[in-house]
Amino acid sequence: MSVSERLKVATPAIQNWEKDYLQKNKSKLNKREIEILEGGELKSHEGMIYGRMYAQWKKDSGFDW
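Residues numbered from 1 in each chain as written. Predicted model: local features only at pLDDT ≥ 70, side-chain atom pairs only at ≥ 80, totals over all residues. Heavy atoms only, no water.

**Considerations on the packing of aromatic side chains**
- For the structure on display, the rule yields five aromatic pairs.
- A centroid spacing of 5.3 Å and a plane angle of 70° characterise the contact between Trp 17 and Tyr 50, whose relative ring orientation is edge-to-face. Note that Trp 17 is positioned in helix H2 (residues 17–25) and Tyr 50 in helix H4 (residues 47–61), a separation of 33 residues in sequence.
- Judged by its relative accessible area of 4%, Trp 17 falls in the buried class.
- In this structure an aromatic cluster arises from ring pairing among Trp 17, Tyr 21, Tyr 50, Tyr 54 and Trp 57. (Phe/Tyr/Trp six-rings, centres within 6.5 Å; stacked < 30°, edge-to-face > 60°. Helix = DSSP H or I, 4+ residues; strand = E, 2+ residues; numbered from the N terminus. Buried < 20%, exposed > 50% of the residue type's maximum accessible area, 1.4 Å probe, protein only.)

**Some points on the nonpolar core**
- Counting residues in hydrophobic clusters, the biggest one holds 11 residues: Ala 10, Trp 17, Tyr 21, Leu 22, Leu 29, Ile 34, Ile 36, Leu 37, Met 53, Trp 57 and Phe 63.
- Listing elements by their share of this core, those giving two or more residues are H2, helix H3 (31–37) and H4. (Core = buried A, V, L, I, M, F, W, Y, C linked by side-chain atoms within 4.5 Å.)

**A word on the confidence of the model for the protein**
- With 98% of its residues at a pLDDT of 70 or more, the protein shows a mean pLDDT of 90.
- The least confident element of the protein, judged by mean pLDDT, is helix H1 (residues 3–15) at 78; the most confident is H3 at 97. (pLDDT = per-residue confidence, 0-100.)

**A few points about the packing of H2 against H4**
- Taken N-terminus to C-terminus, the directions of H2 and H4 make an angle of 80°; their axes are 10 Å apart at the nearest point. Here H4 runs roughly perpendicular to H2, going by the angle between their axes. In this structure, H2 uses Trp 17, Glu 18, Asp 20 and Tyr 21 to contact H4, whose residues at the interface are Tyr 50, Arg 52, Met 53, Tyr 54, Gln 56, Trp 57 and Ser 61. (Axes fitted to C-alpha atoms, helices over the stretch in contact; angles between N-to-C directions. Parallel < 35°, antiparallel > 145°, perpendicular 65-115°, else oblique. Contact = heavy atoms within 4.5 Å.)

**What about the environment of Leu 37?**
- Here Leu 37 lies in helix H3.
- Since its relative accessible area comes to 7%, Leu 37 is described here as buried.
- Taking C-alpha positions, Leu 37 is 10.0 Å from Tyr 54, a pair spaced 17 residues apart along the chain.
- In this structure, Leu 37 is in contact with Trp 17, Glu 18, Tyr 21, Leu 22, Leu 29 and Met 53, ignoring residues within four places of it in sequence.

Here's what the structure looks like:
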């Protein structure tokens, strides 16, 4: 699969990754992680939490290329 083909597949999924991750992992997340994924204000020290969840979503979704 070419890079442009990968991007066509990945772009819509990436735009909705928070909802997808929340749906698949809600029982494993704490209250604050859920708030962040639902669009709550992100505090400066919480960027790593957000990044960890995004990295895990990419890995779980097969976008770790």
